[in-house]
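# Coordinates in review
What follows is the residue order along each chain.
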Amino acid sequence: VVGQSLLQILSERYEELRARYGLGLRLVAVADSTGAVTKASGLNPAQVLQVKKGGGLKGLKDGNYTDDLPGFLGELEADILIDATPTNIVDGEPSYSFIRSAILHGLDVVTVSKGALALYFPALKELAAHRGVVLRFSGTVGGGMPVIEFGKECGRADRLEKIIGVLNGTTNYILSRMEETGQTFREALGEAQRLGYAERDPTLDISGLDTACKITILANEVLGKGATLSDVKVSGIEEIGVDEVRTARERGLAVRLLGVADGRRLEVSPQTVGERDPLAVKGALNAITFKATHSGSHTITGKGAGGPETATSILRDLVAVKKMRVAEASNI
Ligand SMILES: NC(=O)c1ccc[n+]([C@@H]2O[C@H](COP(=O)([O-])OP(=O)(O)OC[C@H]3O[C@@H](n4cnc5c(N)ncnc54)[C@H](OP(=O)(O)O)[C@@H]3O)[C@@H](O)[C@H]2O)c1
């Protein structure tokens, strides 16, 4: 989803990205679960997309095919790795090996995959700093919304005390539908799956673990905590009954799955919020509030997922890396 959206944007906006940001991207390799195709002079994004839509990358006749994943990274003349592999919260793979290998070979990294970061955030950041490479991950939280950048900005020249938010669109869709229609959890989940808001295996979302990954990443990057996924106390929405949702509604409240990070705790749990609270968003939306000591509460709201949206976060990170590298080069 995200990888193909990125290829689509690159094939449509190459010239604009070059003219506006100096981002003259050369795609020297692409990989999927079966292998990688490399070409030092650059692959054509539109052609890669067309071949991928029709099957596996092996069908790409332009370039050299290898099934040595992620070993091929060591053979590349590349500046940056973009990782859009699946999120795995058991061991972080394959993202962990790709990111680690890229850092060790001196590549900057942009990732949208949450597992490796949630499990090994402090270690990966330290490794990147030690090797002098940039590690960015805007798309891991809030899809196309600049949640991490917004949170950092809220804390600039102030003190952030708390982050609290609806960080998972699937569970928010289910809870909103239970609220609006009186459906049971199972019925609302079934509807979310039919409409494509929930995966066939929705475990990561409804258990609260996807939210836990995101609050771990925010706690590290925005609050400066050295936390990993195992530090988060997690409960999901599987046990939420329709009566609980109805009673809350009668009292002017809405049940929402919230991720919370502050000085004392890292937690994911269903909680009630006032129906006029900015966090009482409906449908598949996300909303995240950053509470600062002097400037107060600031909330960012929007669509928290989607291919083109998340691919835009990747571009935002690429522009940021480019800016940093240009600034460094001009200081030498
Ligand atoms: N979709 C969203 O809206 C969204 C939003 C924010 C963040 N994310 C995160 O972005 C990541 C990608 O999501 P997605 O929806 O694009 O997933 P997806 O459609 O399942 O795509 C995953 C891609 O990773 C490739 N892959 C799997 N194992 C690999 C391996 N061992 N080596 C190399 N490539 C491998 C797959 O290859 P094949 O094509 O061969 O299967 C596929 O191209 C996930 O971590 C997700 O949590 C997604």
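Notes on the structure follow.

Moving on: the overall build of the chain. Regarding its fold elements, the chain presents 11 helices and 12 strands. Relative to the globule expectation of 20 Å for 332 residues, the C-alpha radius of gyration of the chain, 21 Å, shows essentially globular dimensions. The C-alpha extent of the chain, read off along each of the three principal axes, is 65 × 45 × 35 Å. The buried share of the chain, reckoned over its 332 residues, is 49%. In the chain, once contacts between residues fewer than 6 apart in sequence are set aside, the share between residues at least 24 apart is 68%. Of the roughly 15700 Å² that the chain leaves accessible, carbon and sulfur atoms contribute 49%.

Quick look at the layout of surface pockets now. For the second largest pocket, the calculated volume is near 260 Å³. What lines the second largest pocket is a set of 16 residues, and nearest its centre among them are Lys-125, Leu-135, Arg-136, Lys-152 and Glu-221. The set of elements that each furnish at least two residues to the lining of the second largest pocket consists of helix H4 (115-131), strand E6 (135-136), helix H5 (147-155) and helix H11 (307-331). The dominant element in the lining of the second largest pocket, judged by the number of residues it contributes, is H5, at 4 residues. Split into classes, the residues belonging to the lining of the second largest pocket amount to 7 nonpolar, 1 polar and 8 charged.

Turning next to the side chain of Arg-256. Assignment of secondary structure puts Arg-256 in strand E9 (residues 253-262). Look at Arg-256 and you get buried, because its relative accessible area is 0%. For Arg-256, the side chain forms a polar contact with the side chain of Glu-179, separated by 3.2 Å.

A few words now on the environment of Ala-116. Within the fold, Ala-116 resides in helix H4. Relative accessible area serves as the criterion here: at 0%, Ala-116 is assigned to the buried category. Considering only alpha carbons, one finds Ala-116 and Asn-88, 28 residues apart in sequence, at a separation of 7.3 Å. Among residues more than four places away in sequence, those in contact with Ala-116 are Asn-88, Gly-92, Ser-95, Tyr-96, Ile-99, Phe-121 and Leu-124.

Parameters at a glance
Residues numbered from 1 in each chain as written. Predicted model: local features only at pLDDT ≥ 70, side-chain atom pairs only at ≥ 80, totals over all residues. Heavy atoms only, no water. Helix = DSSP H or I, 4+ residues; strand = E, 2+ residues; numbered from the N terminus. Rg over C-alpha atoms; globule rule 2.2 N^0.38 Å. Buried < 20%, exposed > 50% of the residue type's maximum accessible area, 1.4 Å probe, protein only. Contact = heavy atoms within 4.5 Å. Areas by Shrake-Rupley, 256 points an atom, 1.4 Å probe, with all protein chains shown as cover. 1 Å grid on protein atoms, 1.4 Å probe; cavity = no way out; pocket = protein on both sides within 12 Å on 5 of 7 lines; lining within 4 Å. Points joined across faces, edges and corners; volume = space filled by probe spheres on them. Nonpolar A, V, L, I, M, F, W, Y, C, P; charged D, E, K, R; others polar. Polar contact = N/O pair within 3.5 Å; in protein donor to acceptor, adjacent residues only side chain to side chain.

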